Amino acid sequence: MKRVLITGCAGFIGFHLALALKKLGFDVLGFDNYNDYYCIQLKKDRSDLLKEKGISILTGDLVNKSSLEKAYKEFNPTHVVHLAAQAGVRYSLVNPDAYIQSNIVGFTNLLEVMKKDPSVPLIYASSSSVYGDSTQTPYSENSDTDTPINLYGATKKANELIAYAYHSLYGNRMIGLRFFTVYGPWGRPDMAYYHFSEKILAQAPIPVYEGAKIQRDFTYIDDIVDGIIRAMNCSEKFEVFNLGNHTPILLNTFIETLETALDKQAIKNYMPKAAGDMEVTHADLTKSHLKLGYVPKTNIQQGLKSFADWFVAYTEEKSLQKKLRAHL
């Protein structure tokens, strides 16, 4: 039986991956530090669902190498999927140290633990942010990644370089996955689609940067999970793959689709381009299709409808729980 250690298991992607792997009959152990970058209660709600499915999650921080090493040795994984990271572009402008600690120190600690066990493959999360201000679109894995325009992207590029160094030194099999704007049910509250939904339902203005000229290659969570599982089965010794949808969506089109899914009109507040924002992301999937068999199946209309249905139900449930507690 495959035994999969997932770091960041209480996070958005880790949560969905853990459920999918458990359904396939794998033994799954999660590792998460439950940091407060966004709502901890959402992470706990995800964890509660995972525990109901028989998935254990250890509370620990990758920066503490001894706790990670203990968990690794006791579980003895056949695969490691590394999804734990300090996410977000704008937060890096105000708290850069969080990115260095989690994305550089934590990642290196994991590689230090794994170097003694080269038979265990590592599948780790990179990001479309590594492409920075490159004007060559769609982005292929051979495109220039030497000019990231935010610290988050720089740390993800550093992960790829550090991974290659450890692969060269110790022989561990490593697959990096450049995710393109992942969205869906149980998503992150700091992401635009989640934040927009809160504002739209509250009939509050939403910030629309750069006159809605921004385009994003929105990728539904089920397609990302499928790509990760395919990467787990990949025989390559060292590779980096794009996991996207290959269909950039204008921000205004995205908002209109979200309005339809929520059945409510948005109030738009147009603002200048935000510092560190890329204008366009667009994944070239030629390589991931050829070597992984990866083909995204969910369009933006289907994906946002699924998210909106979950979001409304989850929000109403939390509101009801809050009212019940107030009357106790």
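Reading the values: the criteria
- Residues numbered from 1 in each chain as written.
- Predicted model: local features only at pLDDT ≥ 70, side-chain atom pairs only at ≥ 80, totals over all residues.
- Heavy atoms only, no water.
- Salt bridge = Lys/Arg side-chain N within 4 Å of Asp/Glu carboxyl O.
- Helix = DSSP H or I, 4+ residues; strand = E, 2+ residues; numbered from the N terminus.
- Buried < 20%, exposed > 50% of the residue type's maximum accessible area, 1.4 Å probe, protein only.
- Expected span 1.5 Å × (residues − 1).
- Polar contact = N/O pair within 3.5 Å; in protein donor to acceptor, adjacent residues only side chain to side chain.
- Pairing = 2+ DSSP bridges.
- Axes fitted to C-alpha atoms, helices over the stretch in contact; angles between N-to-C directions.
- Contact = heavy atoms within 4.5 Å.
- Phe/Tyr/Trp six-rings, centres within 6.5 Å; stacked < 30°, edge-to-face > 60°.
- Lys NZ or Arg CZ within 6 Å of the ring centre and 35° of its normal.
- Parallel < 35°, antiparallel > 145°, perpendicular 65-115°, else oblique.
- Left-handed = near helix turned anticlockwise from the far one by under 90°.
- Nonpolar A, V, L, I, M, F, W, Y, C, P; charged D, E, K, R; others polar.

A. The pattern of salt bridges, seen in detail. Applying the stated rule across the entire model yields eleven salt bridges. In this structure, the salt-bridge partner of R178 is E160, at a minimum N-O distance of 2.7 Å. Residue R178 is found in strand β6 (residues 174-179), and its partner E160 is found in helix α5 (residues 151-170); the two are separated by 18 residues along the sequence. R230 is the salt-bridge partner of D226, the closest N and O atoms lying 2.9 Å from each other. In this pair, D226 and R230 are both assigned in helix α7 (residues 221-232), four residues apart and thus about one turn of the helix distant. Judged by relative accessible area, D226 falls into the partly exposed class, the value being 26%. For R230, a relative accessible area of 31% puts it in the partly exposed group. Beyond isolated ion pairs, a larger network of salt bridges with shared partners links E236, E239, K287 and K291.

B. Broad picture of α5. In this model, α5 (20 residues) spans 28 Å end to end at C-alpha, consistent with the 28 Å of a helix rising 1.5 Å per residue. The complete set of buried residues in α5 reads Y152, G153, T155, K156, K157, A158, N159, E160, I162, A163, Y166 and H167. For α5, the N-terminal capping position is held by N150, with its side-chain oxygen 3.4 Å away from the main-chain nitrogen of Y152.

C. The arrangement of the sheet that holds strand β4 (residues 79-82) in detail. One open sheet holds the seven strands; their spatial order is β3-β2-β1-β4-β5-β6-β11, and the pairing between them is parallel. The open sheet is flanked by β3 (56-59) and β11 (238-243), the only strands paired with a single partner. Strand-to-strand twist across the sheet, computed as the mean angle between neighbouring axes with direction ignored, equals 20°. In this structure, strand β1 (residues 3-7) lies alongside strand β2 (residues 27-32), joined through five bridges in parallel fashion. Paired with L5 across the strands is L29, a residue of β2. Helix-sheet contacts for helix α3 (residues 65-75) involve β1, β2, β3 and β4, and the interaxial angle to β2 is about 175°. Sheet contacts for helix α4 (residues 96-114): β4, β5 (122-127) and β6; angle to β5, the most-contacted strand, approximately 165°.

D. Representation of the packing of aromatic side chains. Evaluation of the coordinates by the stated rule reveals 24 aromatic pairs. On the basis of an interplanar angle of 50° and a centroid distance of 5.3 Å, the ring pair of F15 and W186 is categorised as tilted. With F15 in helix α1 (residues 12-23) and W186 in the loop between β7 (182-183) and α6 (192-201), the pair connects residues that are 171 residues apart, well separated along the chain. The two residues F15 and W186 agree in class, both being buried. Where Y164 meets F238, the ring centres are 5.0 Å apart and the plane angle is 85°; that geometry is what we call edge-to-face. Here F238 lies in strand β11 and Y164 lies in helix α5, a separation of 74 residues in the sequence. When its relative accessible area of 47% is taken as the criterion, Y164 is described as partly exposed. Through a chain of ring-to-ring contacts, three or more aromatic side chains come together here, namely F15, Y183, W186, Y193, Y194, F218, Y220, F254, F307, W310, F311 and Y314. In this structure, K43 packs its charged tip against the face of Y38, placed 4.6 Å from the ring centre.

E. Structural detail: the packing of α4 against α5. Running from N to C, α4 and α5 cross one another at 15°; their axes reach a closest spacing of 10 Å. In terms of their interaxial angle, α4 and α5 are classed as roughly parallel. Seen along the crossing, α4 lies across α5 with a hand that is right-handed. Side by side, α4 and α5 meet where P96, Y99, I100, N103, I104, F107, T108, L111 and E112 of the first sit next to L151, Y152, T155, A158, N159, I162, A163 and Y166 of the second. In terms of residue class, the contact of α4 with α5 is made up of twelve nonpolar, four polar and one charged.

F. Spotlight on unusual backbone geometry. Omega for the peptide link from T137 to P138 comes to 0°, which places this bond in the cis form. Note on placement: P138 falls in the loop between β5 and α5. With phi around 35°, T181 is a residue other than glycine that occupies positive phi space. Tracing the backbone shows T181 in the loop between β6 and β7.

G. Quick peek at the side chain of S127. Mapped onto the fold, S127 is located in strand β5. A distance of 2.9 Å separates a polar side-chain atom of S127 from the backbone nitrogen of S129. Aside from chain neighbours lying at most four places away, what touches S127 is Y152, K156, L177, R178 and F179.

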